[in-house]
Amino acid sequence: MIKSKIVLLSALVSCALISGCKEENKTHVSIEFMHSSVEQERQAVISKLIARFEKENPGITVKQVPVEEDAFNTKVITLSRSGSLPEVLEANQDYSKVLDKDQLIDRDAVATVINNVGKDVFYDGVLRIVRTEDGAAWTGIPISAWIGGIWYRKDVLAKAGLEEPANWQQLLNAAQKLNDPANKKYGIAMATAESVLTEQSFSQFALSNKANVFNAEGKITLNTPEMMQALTYYRDLAVYTMPGSNDTMEVKDAFMNGAAPMAIYSTYILPAIVKEDNPQNIGFMVPTEKSAAVYGMLTSLTITAGQKPEETDAAKKFVTFMEQADNAAEWVMMSPGAALPPNKTVVTTSTWKNNNVIKALGDLPNQLIRELPNIQVFGAVGDKNFTRMGEVTGSGVVNTMVHNVTVGKADLPGTLQASQKKLDELIEQH
């Protein structure tokens, strides 16, 4: 007992003697940055960025918290309940809406960073995708993006005497002419499984025909003439894809192995094309009917609510730093070709210009970046992004509807009507 008291007293004396250190601690701030880049090479890039930031801001320490994407939601819930949510989170536009709904985002801090960086630094249309449901704020600061659309092999189309497709009808004509199922060659590889990729792929055609799951008042608008036209078209196009339920792997494999000269897929197909194919032979188009509509996913850095003022200030400095040209370029270049920069300054950096993948792709990255203003997603209407779209996607009603009319040959009007009813009931419950 006496020994314990002596040890305690020694500790107190030591503390008093180094009281200068205590004063330093008051000015030093530690924050956490939670992201889903669990791969070692990605963590190394982020570590380098953090080291650079800490050197420029000696009063701030940033700790990485890498979490597997599948476990991200559970981790956020657990940490928020215990009051230990990291100050900065990486999140896509869908998950950011959930965070905002649960009041876990510091809207004012996010707005401050966007204004510090400059709204005009982001490509047109990008900030619209991260608008809150009420249209009054943003859910995060975009740092990378990917888009989906139709990829095609120029030489195969030319050999068949086909123009490179620019609209629905030309795409359908090309798929029909190139289809040769007897020899296991198909006109187009596209998603028909009950999967998220199917909803994403179909959404581009629907939105290009002015059909959305929600209207401006937040009502479900699935059973409309515009949606019927889009669903009919997608079913007609799917006649020329591989039989059965096709998902990510089947679509990518069919395009890469030459079974289909066209495919509906994301920019994440480009690294494989650079590695195994001739990028100069690859063309890209977006579904275009009444307007052009490309599905896109933005990754943002967001700042969480409920932190101490000094932690929030440190978080704002860190995210602002991450949006500087060279730093944002290093983030995007963790997935060269697959990820696109929503920040205009990235393409001016040597990191972007001198990247071997970007150079191999020629003008294609610039073409893809020019499509960023055409990003449209179900549930985004004007300046509103309806949070309940997450529940719609989670229910699987839309991708099941598409699967049933393509693979299952179900009746279109009846399927559309039944799907509308299911979504109406889902939204009423919430």
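Residues numbered from 1 in each chain as written. Predicted model: local features only at pLDDT ≥ 70, side-chain atom pairs only at ≥ 80, totals over all residues. Heavy atoms only, no water.

Draft legend 1. Representation of the overall build of the protein chain within the structure. For the protein chain, the helix and strand inventory stands at 21 helices and nine strands. Along the first, second and third principal axes, the C-alpha atoms of the protein chain reach 90 × 50 × 45 Å. Within the protein chain, buried positions represent 53% of all 430 residues. In the protein chain, 77% of the contacts between residues at least 6 apart in sequence involve partners at least 24 apart. By element, 51% of the accessible surface of the protein chain is carried by carbon and sulfur atoms, the whole surface being about 19,400 Å². In the protein chain, which carries 41 positive and 50 negative side-chain charges, the distance between the mean positions of the two groups comes to 2 Å. (Helix = DSSP H or I, 4+ residues; strand = E, 2+ residues; numbered from the N terminus. Buried < 20%, exposed > 50% of the residue type's maximum accessible area, 1.4 Å probe, protein only. Contact = heavy atoms within 4.5 Å. Areas by Shrake-Rupley, 256 points an atom, 1.4 Å probe, with all protein chains shown as cover. Lys, Arg positive; Asp, Glu negative; His and termini not counted. Charge placed at Lys NZ, Arg CZ, Asp CG, Glu CD.)

Draft legend 2. Quick peek at the nonpolar core. Membership of the largest hydrophobic core comes to 93 residues, with the highest contact counts inside it found for V76, W151, F318 and L372. In this view, L372 contacts Y123, D124, V126, A145, I147, L340, P341 and P342; residues no more than four positions away in its chain are not counted. In terms of nonpolar packing, the next biggest core, distinct from the first, is built from 49 residues, W168, L197, Y240 and L423 among them. (Core = buried A, V, L, I, M, F, W, Y, C linked by side-chain atoms within 4.5 Å.)

Draft legend 3. Representation of the packing of helix α10 (residues 196-208) against helix α11 (residues 225-238) in the model. At a minimum axis separation of 9 Å, α10 and α11 run at an interaxial angle of 120 degrees. In terms of their interaxial angle, α10 and α11 are classed as oblique. Our pair here, α10 against α11, has a crossing hand that is right-handed. On α11, the residues that touch T198, S201, F202, F205 and A206 of α10 are M227, A230, L231, Y233, Y234 and L237. (Axes fitted to C-alpha atoms, helices over the stretch in contact; angles between N-to-C directions. Parallel < 35°, antiparallel > 145°, perpendicular 65-115°, else oblique. Left-handed = near helix turned anticlockwise from the far one by under 90°.)

Draft legend 4. Representation of the packing of aromatic side chains. Counted under the stated rule, the structure contains 14 aromatic pairs. Ring centres of F202 and Y234 lie 5.7 Å apart, and the angle between their planes is 85 degrees; on these two criteria the pair is classed as edge-to-face. Of this pair, F202 sits in helix α10 while Y234 sits in helix α11; the two residues are 32 residues apart in sequence, bridging distant segments of the chain. The buried category is assigned to F202, whose relative accessible area is 0%. The exposure class assigned to Y234 is buried, which follows from its relative accessible area of 0%. Following the ring pairs from residue to residue traces out a cluster consisting of W168, F202, F205, Y233, Y234 and F378. The residue whose ring lies beneath R153 is F255, and the NZ or CZ to ring-centre distance is 4.4 Å. (Phe/Tyr/Trp six-rings, centres within 6.5 Å; stacked < 30°, edge-to-face > 60°. Lys NZ or Arg CZ within 6 Å of the ring centre and 35° of its normal.)

Draft legend 5. Quick look at the pattern of salt bridges. Taken as a whole and assessed by the stated rule, the structure comprises 11 salt bridges. D100 serves as the salt-bridge partner of R107, at 3.0 Å between the closest nitrogen and oxygen. Under the relative-accessibility criterion, R107 is labelled partly exposed at 27%. By relative accessible area, D100 is classed as buried at 11%. Members of the salt-bridge network, linked through shared partners, are K48, R52 and E330. (Salt bridge = Lys/Arg side-chain N within 4 Å of Asp/Glu carboxyl O.)

Draft legend 6. Expanded view of the pairing of strand β1 (residues 29-35). Within β1, five of the seven residues are buried, which leaves it mostly tucked inside the rest of the structure. Alignment of β1 against strand β2 (residues 60-66), held across seven bridges, turns out to be parallel. Bridge pairing in β2 places E32 opposite K63. After leaving β1, the chain enters helix α3 (residues 40-56) and then returns to the sheet as β2, a path that is right-handed. Across two bridges, the pairing between β1 and strand β3 (residues 88-92) is parallel. By the bridge assignment, M34 is partnered in β3 with L89. (Pairing = 2+ DSSP bridges. Right-handed = clockwise from strand over helix to strand, strands pointing away.)

Draft legend 7. Looking closely at the confidence of the model for the protein chain. On average, residues of the protein chain score 92 in pLDDT, and 94% of them are at 70 or above. In this model residues 1-25 is a low-confidence stretch, pLDDT under 50, and it forms zero contacts with partners more than four residues away in sequence or in other chains. (pLDDT = per-residue confidence, 0-100.)

Draft legend 8. Looking closely at unusual backbone geometry. One non-glycine residue with positive phi stands out, namely K184, at about 55 degrees. Examined against the element boundaries, K184 turns out to sit in the loop between α9 (168-178) and α10. For K184, a relative accessible area of 64% gives the class exposed. Positive phi, close to 55 degrees, is recorded for K409, a residue that is not glycine. Residue position: K409 is located in the loop between α20 (397-406) and α21 (412-429).

Draft legend 9. View of helix α14 (residues 309-322). Here α14 spans 20 Å end to end across 14 residues, near enough to the 20 Å set by a 1.5 Å rise per residue. Those residues of α14 that sit buried are E311, T312, A314, A315, K316, F318, V319, F321 and M322. (Expected span 1.5 Å × (residues − 1).)

Draft legend 10. Just the side chain of T192, in detail. Along the chain, T192 turns up in the loop between α9 and α10. Taking the relative accessible area as the measure of exposure, T192 reaches 1% and is therefore buried.

Draft legend 11. Quick look at the layout of surface pockets. By volume, the largest pocket is sized at about 1,500 Å³. Considering the residues around the largest pocket, the lining is formed by 48 residues, among which E69, N92, W146, M297 and T299 are closest to the centre. Residue contributions to the lining of the largest pocket peak at six residues, all from helix α5 (residues 93-101). Class assignment of the residues belonging to the lining of the largest pocket gives a composition of 24 nonpolar, 15 polar and nine charged. The space that makes up the second largest pocket amounts to roughly 170 Å³. Surrounding the second largest pocket, T192, R235, D236, A238, V239, T241, M242, P243, G244, T406, V407 and K409 form its lining. (1 Å grid on protein atoms, 1.4 Å probe; cavity = no way out; pocket = protein on both sides within 12 Å on 5 of 7 lines; lining within 4 Å. Points joined across faces, edges and corners; volume = space filled by probe spheres on them. Nonpolar A, V, L, I, M, F, W, Y, C, P; charged D, E, K, R; others polar.)

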